[in-house]
Amino acid sequence: MKLTTLKHALVAGLATAALAGASAAAAQTAVTATLRADQPGAVIQPEVYGQFAEHLGRGIYEGVWVGEDSKIPNTKGYRTDVVEALKAIKVPLVRWPGGCFADDYHWREGVGPRDKRPVKVNVLWGGVEEPNSFGTNEFMDFAELIGAKTYVAGNVGTGSPQEMAEWVEYMVSPTNSTIANQRRANGRDKPWKLDYFGVGNENWGCGGQMTAAHYTNLYRNFAEFVRVPKGTKTEKIAGGANSDDYNWTETMMASAAKNMDQISVHYYTIPTSKWDHKGSATKFDEQLWADTMVQALRMDELVTKHTAIMDKYDPEKRVGLSVDEWGIWHDVEPGTNPGFLYQQNTMRDAVAAGATLNIFHKHAQRVRLTAIAQMVNVLQAMILTDKDKMVLTPTYWVYDLYKPFQGATSLPVELNTPAYTVGKSSVPAVSASAGKDAAGVVHVALVNLDPNKSATVTIKLSGVTGKTAKGRVLTGPTMSAHNTFEAPNAVKPAAFTNASIKGDTLTATLPSKSVVVLDLN
């Protein structure tokens, strides 16, 4: 090669490298923030990481319960692999038996010898037989097995105050009443701890098609008979609004705030905004990714506005806001029963989950309990099963990353982030939250909502003594990356090394479409 040719080649190579560097810089989002550990907020209650298990599809049967005689490895009838997976993410609470199923459920049909329990038809979800094999004893024992608090949803739609009162007595009475002794005859001597009791579910819809005024009166009536022994506490949760029905919250708080400990709100992210065609869980383009993020981040507006109404009637913030059904709702997987609501779970679901949990952290003073829908095999599940196989979803791994926030004190994060925009959909490119645990360690959660660009986040630390930043990252090669029974580890957390602290500044470079949790030590 001639010298002049070599010179031209070197110049061309340097120019190409410079262009590549400029392109890489352009493809990166710059974000700044301030973390104020010296201005602590409310405690992030562990129950914010609660789960929802309804008698729906394969959520209970096969998902949790297989029976003692099953070939699938089990512990007293509960799937061993599922139990261990739930314990690993420290599930703090499980809500059961519904959902819409709750207001058709009569508890006496689910106690006593299993071979004597009546077989019903689950008219709400798929028209399949409901054997009642998994009832009160099985649920309460399951919660104890995984170390979770109990949230039982009562039947207002087709039940009565008496039926509800006797169910509570069956679960918690230490006396020798006939009903308490029925519990003992069914194998449980000691009363269970009933942590939360929901008085009905979605009574504006499947729970009875009621008006807010009618349900408010019924709630006061039913709630009066949720009686527990002196010295014990069961929080009463009122059935709250459907997403942005602020009149429902206003009516309930105006007339029944003193009768409740929490009031619920339900909100599902529908990617297409069309209930009759929600879109595939795995086959979608970037526009639908962005549309999904817009819908998911509506949670902040909903919580803010419901909280403002609650503040009018409860300025002391005694009553909690329970977001006890939330998550992404896709079309069911092709070839599955439409009534079973079985869907896959991708990086899109994981990123939306992380951003939503950051919203709950921000509102920790009012949001004290949530339950993602649902725990196993239904909607935005933690776990999917196929007979004896089990796979953990990307959303499961988000909950694994966020474990340090259970019981941590929320810390304000002032975020200055550009927007991620596709078409008419625009959201902040990065979402963040922070908390300090009981040991004094500060944890920072960062979510990059942009599926294309990495993001460098520079955070000024106020009141933080940590010198090192270590953590884990969840990301995938594509927007639709997900785990299957054939490839169960396609999406899984890895060590995160692109973070450092210099002086009072934390710098982290987040991959595109990622969830990162850092520990500042």
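The shown structure was predicted, so the numbers you read here are calculated from the model rather than taken from an experiment.

Caption draft 1: Local environment of the overall build of the protein. Along the protein, the regular secondary structure elements total 11 helices and 27 strands. In terms of overall size, the protein behaves like a compact globule, its C-alpha atoms giving a radius of gyration of 25 Å where 521 residues would be expected to give roughly 24 Å. The dimensions of the protein, computed from C-alpha atoms along their principal axes, are 100 × 50 × 45 Å. Residues classed as buried in the protein amount to 55% of the 521 residues present.

Caption draft 2: Inspection of the pattern of salt bridges at higher detail. All chains considered together, the criterion is met by 29 salt bridges. The partner of Arg-79 in a salt bridge is Asp-81, and the shortest N-O contact between them spans 3.0 Å. Here Arg-79 falls in the buried class, since its relative accessible area comes to 0%. Between Arg-95 and Asp-324 there is a salt bridge, with the nearest N and O atoms lying 3.8 Å from each other.

Caption draft 3: Quick peek at the state of the cysteines. For the coordinates displayed, the defined rule picks out one disulfide. Bridging Cys-100 to Cys-206, the disulfide has an S-S length of 2.0 Å. Taking the torsion about the sulfur-sulfur bond, which here is approximately -90°, the covalent link between Cys-100 and Cys-206 counts as left-handed. Here Cys-206 lies in the loop between β9 (196–199) and α6 (212–223) and Cys-100 lies in the loop between β5 (93–96) and β6 (120–122), a separation of 106 residues in the sequence. We classify Cys-206 as partly exposed; its relative accessible area is 33%.

Caption draft 4: Quick look at the environment of Thr-417. By the element assignment, Thr-417 lies in the loop between β17 (413–416) and β18 (419–422). It is 8.5 Å that separates the C-alpha atoms of Thr-417 and Ser-431, two residues lying 14 residues apart in sequence. If we skip the residues at most four places from it in the chain, Thr-417 touches Val-31, Pro-428, Ala-429 and Val-430. At 3.4 Å, the side chain of Thr-417 forms a polar contact with the backbone nitrogen of Val-430.

Caption draft 5: Fine view of helix α4 (residues 161–172). With 12 residues, α4 should cover 16 Å at 1.5 Å per step; its first-to-last C-alpha distance of 17 Å lies within 8% of that length. Taken across its 12 residues, α4 has nine buried, putting it largely inside the fold. Looking at α4, one finds that the buried residues are Pro-161, Glu-163, Met-164, Glu-166, Trp-167, Val-168, Tyr-170, Met-171 and Val-172. Where α4 is buried, its residues meet β5, α3 (136–146), β8 (149–153), α5 (178–185), β9 and α6.

Caption draft 6: Here's a closer look at a nonpolar patch on the surface. On the surface, Val-121, Val-123 and Leu-124 cluster together into a nonpolar patch covering about 270 Å² of accessible area. With respect to the helices and strands, the residue Val-123 is situated in the loop between β6 and β7 (128–130).

Caption draft 7: Fine view of the packing of aromatic side chains. Applying the stated criterion across every chain, the model contains 23 aromatic pairs. Between the aromatic rings of Trp-167 and Phe-197, the centroid separation amounts to 6.2 Å while the plane-to-plane angle is 85°, which identifies the pairing as edge-to-face. Here Trp-167 is found in helix α4, whereas its partner Phe-197 is found in strand β9, with 30 residues between them in sequence. Overall, the relative accessible area of 2% leaves Trp-167 in the buried class. On the numbers, 5.4 Å between centres and 45° between planes, the contact of Tyr-402 with Phe-405 is tilted. Phe-405 matches Tyr-402 in its accessibility class, with the two residues each being buried. Linked through ring pairs, Trp-65, Tyr-78, Trp-96, Phe-101, Tyr-105, Phe-134, Phe-139, Phe-142, Trp-167 and Phe-197 together constitute an aromatic cluster.

Caption draft 8: The arrangement of the sheet that holds strand β10 (residues 235–242) in detail. Strand order around the closed barrel formed by eight strands is β2-β5-β8-β9-β10-β11-β12-β13, with parallel pairing between neighbours. The average undirected angle you get between the axes of adjacent strands in this sheet is 25°. Pairing analysis gives four bridges linking β9 to β10, with the strands arranged parallel. For Gly-198, the partnering residue across the bridge sits in β10 and is Ile-237.

Caption draft 9: Geometry of the packing of α3 against α4. One can describe the packing of α3 onto α4 by two numbers: an axis separation of 11 Å at closest approach and a directional angle of 50°. Considering their axes alone, α3 and α4 lie oblique with respect to each other. For α3 against α4, the interelement crossing comes out right-handed. Facing Thr-136, Asn-137 and Met-140 of α3, the residues of α4 in contact are Trp-167, Tyr-170 and Met-171. Residues belonging to the contact of α3 with α4 are distributed by class as follows: four nonpolar, two polar and no charged.

Caption draft 10: Representation of the confidence of the model for the protein within the structure. Of all residues in the protein, 95% have pLDDT values of 70 or greater, and the mean over the chain is 94. Low confidence marks residues 1–26, where pLDDT is under 50. Its contacts with residues over four positions away, or in another chain, come to two contacts.

Caption draft 11: A look at the pairing of strand β26 (residues 505–510). The alternating pattern of β26 places Leu-506, Ala-508 and Leu-510 on a buried face, while none of Thr-505, Thr-507 and Thr-509, on the opposite face, is buried. As paired elements, strand β22 (residues 454–462) and β26 share six bridges and run antiparallel to each other. Across the sheet, the residue bridging to Lys-460 is Thr-505, located in β26. Here strand β25 (residues 499–502) runs beside β26; their pairing, made up of four bridges, is antiparallel. Looking across to β26, one finds that Ile-501 is bridged to Leu-506.

Calculation rules
Residues numbered from 1 in each chain as written. Predicted model: local features only at pLDDT ≥ 70, side-chain atom pairs only at ≥ 80, totals over all residues. Heavy atoms only, no water. Helix = DSSP H or I, 4+ residues; strand = E, 2+ residues; numbered from the N terminus. Rg over C-alpha atoms; globule rule 2.2 N^0.38 Å. Buried < 20%, exposed > 50% of the residue type's maximum accessible area, 1.4 Å probe, protein only. Salt bridge = Lys/Arg side-chain N within 4 Å of Asp/Glu carboxyl O. Disulfide = S-S within 2.5 Å. Contact = heavy atoms within 4.5 Å. Polar contact = N/O pair within 3.5 Å; in protein donor to acceptor, adjacent residues only side chain to side chain. Expected span 1.5 Å × (residues − 1). Patch = residues over 30% accessible without salt bridge, like charges linked within 9 Å, V, L, I, M, F, W, Y side chains within 5 Å. Areas by Shrake-Rupley, 256 points an atom, 1.4 Å probe, with all protein chains shown as cover. Phe/Tyr/Trp six-rings, centres within 6.5 Å; stacked < 30°, edge-to-face > 60°. Pairing = 2+ DSSP bridges. Axes fitted to C-alpha atoms, helices over the stretch in contact; angles between N-to-C directions. Parallel < 35°, antiparallel > 145°, perpendicular 65-115°, else oblique. Left-handed = near helix turned anticlockwise from the far one by under 90°. Nonpolar A, V, L, I, M, F, W, Y, C, P; charged D, E, K, R; others polar. pLDDT = per-residue confidence, 0-100.

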